[in-house]
Amino acid sequence: MPTRSLIGRTAHASGIAAEDAACAAVSADGWTILARRLRTRAGEVDIVAEKAGLLAIIEVKSRPTLAEAAVALTARQRARLLGACEIILGEHPEWGVNGARFDILVVDPARRVRRIADAFRSEDAER
């Protein structure tokens, strides 16, 4: 039976691999990665990317199926991302001059990546 620490290390490694796949997909779509695993007082943001002045605050979700990953973002996580975005824009006013949005990148075990662009709005964060 696997130990708790082994399960934790495996989950961490899987999460890093999913983030690697997500960053590759974002870059391939012409986005510039500004930060990865950016820590703020509100919490961590997996990826911050920009394209043509549009800032994307990106949460990466890895689940056995793309459908499971697509519904894995909780209200608490949405609120964390919203708070982090406010901090990021305050600290980097040159980022996102044409606006900001929240994207979810879902990654399945085969490392297929799908983007849910503009996945939620600030008014949705509390639902």
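The following paragraphs examine the structure supplied in this document. (Residues numbered from 1 in each chain as written. Predicted model: local features only at pLDDT ≥ 70, side-chain atom pairs only at ≥ 80, totals over all residues. Heavy atoms only, no water.)

### Topic: the overall build of the protein chain
Along its length, the protein chain carries three helices and five strands. In the protein chain, the order of α-helices and β-strands from amino to carboxyl end is α-β-β-β-α-α-β-β. Expressed as a percentage of the 127 residues in the protein chain, the buried residues total 39%. Nonlocal contacts in the protein chain, meaning residues at least 24 apart in sequence, comprise 55% of its contacts between residues at least 6 apart. Looking at the protein chain as shown, the accessible area adds up to about 7100 Å², and 54% of this sits on carbon and sulfur atoms. (Helix = DSSP H or I, 4+ residues; strand = E, 2+ residues; numbered from the N terminus. Buried < 20%, exposed > 50% of the residue type's maximum accessible area, 1.4 Å probe, protein only. Contact = heavy atoms within 4.5 Å. Areas by Shrake-Rupley, 256 points an atom, 1.4 Å probe, with all protein chains shown as cover.)

### Regarding the sheet that holds strand β4 (residues 100-107)
A sheet is described by the order of its strands in space; here five strands give the open sequence β1-β2-β3-β4-β5, paired in mixed fashion. Of all the strands in the sheet, just β1 (32-40) and β5 (113-120) have a single pairing partner and so form its edges. Pairs of neighbouring strands in the sheet enclose a mean axial angle of 30°, with direction left out of account. For strand β3 (residues 54-62) and β4, the ladder comprises eight bridges, and the chain directions are parallel. Residue pairing across strands places Ile57 opposite Phe102, the latter belonging to β4. Its contacts with the sheet place helix α3 (residues 75-91) against β1, β2 (43-51), β3, β4 and β5, and it is angled at close to 145° to β3. (Pairing = 2+ DSSP bridges. Axes fitted to C-alpha atoms, helices over the stretch in contact; angles between N-to-C directions.)

### Observations concerning the pattern of salt bridges
Applying the stated criterion across every chain, the model contains eleven salt bridges. As a salt-bridge pair, Arg36 and Glu19 come within 3.7 Å of each other at their nearest N and O atoms. Taken together, the residues span a long stretch of sequence, with Arg36 in strand β1 and Glu19 in helix α1 (residues 4-28) at a distance of 17 residues. The buried category is assigned to Glu19, whose relative accessible area is 8%. Residue Arg112 is joined to Asp108 by a salt bridge in which the shortest nitrogen-to-oxygen separation is 2.5 Å. Since its relative accessible area comes to 45%, Arg112 is described here as partly exposed. Relative accessible area serves as the criterion here: at 3%, Asp108 is assigned to the buried category. Among the charged side chains, a salt-bridge network with shared partners connects Glu19, Asp20, Arg36, Arg37, Arg39 and Glu44. (Salt bridge = Lys/Arg side-chain N within 4 Å of Asp/Glu carboxyl O.)

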